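Fold and geometry: a report
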Amino acid sequence: SIAMWWLDESETNEEASNYCKQLIDNNIYNDDIQKLEAEGAYNIIRGNYKEALPIYKKIIKLKPDDKTSWYMYGEANYHIEKGEDEEKYWAAADEAFKKALDLDPHFGIAKTHIINMLMFSKDYSQIIKESTKSLKRNAKDWNAYHAIILSYELLEDSINAEKYLEKARSNLGTGKRCNLNLLTGWNLA
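Attention in this report is confined to the structure presented alongside it.

What counts as what
- Residues numbered from 1 in each chain as written.
- Predicted model: local features only at pLDDT ≥ 70, side-chain atom pairs only at ≥ 80, totals over all residues.
- Heavy atoms only, no water.
- Phe/Tyr/Trp six-rings, centres within 6.5 Å; stacked < 30°, edge-to-face > 60°.
- Helix = DSSP H or I, 4+ residues; strand = E, 2+ residues; numbered from the N terminus.
- Buried < 20%, exposed > 50% of the residue type's maximum accessible area, 1.4 Å probe, protein only.
- Axes fitted to C-alpha atoms, helices over the stretch in contact; angles between N-to-C directions.
- Parallel < 35°, antiparallel > 145°, perpendicular 65-115°, else oblique.
- Left-handed = near helix turned anticlockwise from the far one by under 90°.
- Contact = heavy atoms within 4.5 Å.
- Nonpolar A, V, L, I, M, F, W, Y, C, P; charged D, E, K, R; others polar.
- Expected span 1.5 Å × (residues − 1).
- Salt bridge = Lys/Arg side-chain N within 4 Å of Asp/Glu carboxyl O.
- Core = buried A, V, L, I, M, F, W, Y, C linked by side-chain atoms within 4.5 Å.

Right, let's get into the packing of aromatic side chains. This structure, assessed with the given rule, holds 7 aromatic pairs. Between W70 and Y73 the ring centres are 6.4 Å apart and the planes differ by 85°, which places this aromatic pair in the edge-to-face class. Here Y73 and W70 lie together in helix 5 (residues 67–79), a separation of 3 residues that amounts to about one turn. Taking relative accessible area as the criterion, Y73 reaches 12% and is therefore assigned buried. Ring-pair connections join several aromatic residues into one group, and the members of that group are Y71, Y78, W90, F97, F107 and F120.

See below:
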């Protein structure tokens, strides 16, 4: 159901929500953790982040090495209406996404959220640092190239933006070049 929710389509989300609800209502789970996961997923899909937060907090205590649970805990903190506790929720989201990425360095959606949070804060130097780490793990990570190039452009450092554009040009295959072309507006051909 979480995979369906990640597609972010209203019909798919409704199907995922109904699936989770059926699991919960019909007691179709093997243990208490699966029940909590179904309840957490249901609340996230429905946008009930306040209700999802304590559920995922319990899950990560029971499954501290589960990247998806950490990611979903981050999602709940990321999307919850923050009010006066804004900094607390942003910090918890950041910590959770980083933990998910530590557990699986190729967990792209967690990395995307970390970069998004840095973009919101306009911390372009940190974006460059985090994305450079990603490129060390995977020289063909077009999301990392995009984040670095965009950050250098926003810092008005066209020399380094061009340098990473050249690296992207040499390291990315044709399909990824197309995606980077669309994202940056630059011609990599």
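What follows concerns the packing of helix 5 against helix 6 (residues 86–103). Pairs of packed helices are described in terms of their axes, by the angle between the two and the distance that separates them. Viewed as axis vectors pointing N to C, helix 5 and helix 6 meet at an angle of 160°, and their least axial separation amounts to 8 Å. Between helix 5 and helix 6, the angle falls in the class roughly antiparallel. The handedness of the crossing between helix 5 and helix 6 comes out as left-handed. Contacts from K67, W70, Y71, Y73, G74, E75, N77 and Y78 of helix 5 reach helix 6 at Y89, W90, A92, A93, A96, F97, K99, A100 and L103. Broken down by class, the residue content of the contact of helix 5 with helix 6 amounts to 12 nonpolar, 2 polar and 3 charged.

Here helix 6 contains 18 residues, and its C-alpha end-to-end distance of 26 Å stays within 8% of the 26 Å for a straight helix at 1.5 Å per residue. Buried residues in helix 6 make contact with helix 4 (49–62), helix 5, helix 7 (108–121) and helix 8 (124–137).

Glancing now at helix 4. Across its 14 residues, helix 4 extends 20 Å between first and last C-alpha, which sits within 8% of the 20 Å expected from 1.5 Å per residue. Of all the residues in helix 4, the buried ones are Y49, A52, L53, I55, Y56, I59 and I60.

Once that is clear, we can look at the packing of helix 7 against helix 8. One way to put it is that helix 7 packs onto helix 8 with a least axis distance of 8 Å and a crossing angle of 160°. With respect to their mutual orientation, helix 7 and helix 8 come out roughly antiparallel. The handedness of the crossing between helix 7 and helix 8 is left-handed. Facing K111, I115, L118 and M119 of helix 7, the residues of helix 8 in contact are Y124, Q126, I127, E130, S131 and S134. A class-by-class count of the residues in the contact of helix 7 with helix 8 yields 5 nonpolar, 3 polar and 2 charged.

Proximity of charged atoms lets side chains of opposite charge pair with each other. Taken as a whole and judged by the stated rule, the model has 7 salt bridges. For K63, the salt bridge is made with E37, and the minimal N-O distance between the two is 2.6 Å. A residue pair is termed long-range when its members are at least 10 positions apart, and K63 in the loop between helix 4 and helix 5 and E37 in helix 3 (residues 32–45) qualify at 26 residues. Residue K63 is classed as partly exposed on the basis of its relative accessible area, which comes to 26%. For the salt bridge of D94 with K98, the shortest nitrogen-to-oxygen distance reads 3.1 Å.

Within the largest apolar cluster, 32 residues are counted, with the highest numbers of intra-cluster contacts made by I44, Y56, Y71, Y73 and F97. Every element with two or more residues in this core is listed here: helix 3, helix 4, helix 5, helix 6, helix 7 and helix 8. The element that contributes the greatest number of residues to this core is helix 4, accounting for 7 residues. Among the nonpolar cores identified, the runner-up in size contains 13 residues, and W142, I149, Y164 and A168 belong to it.

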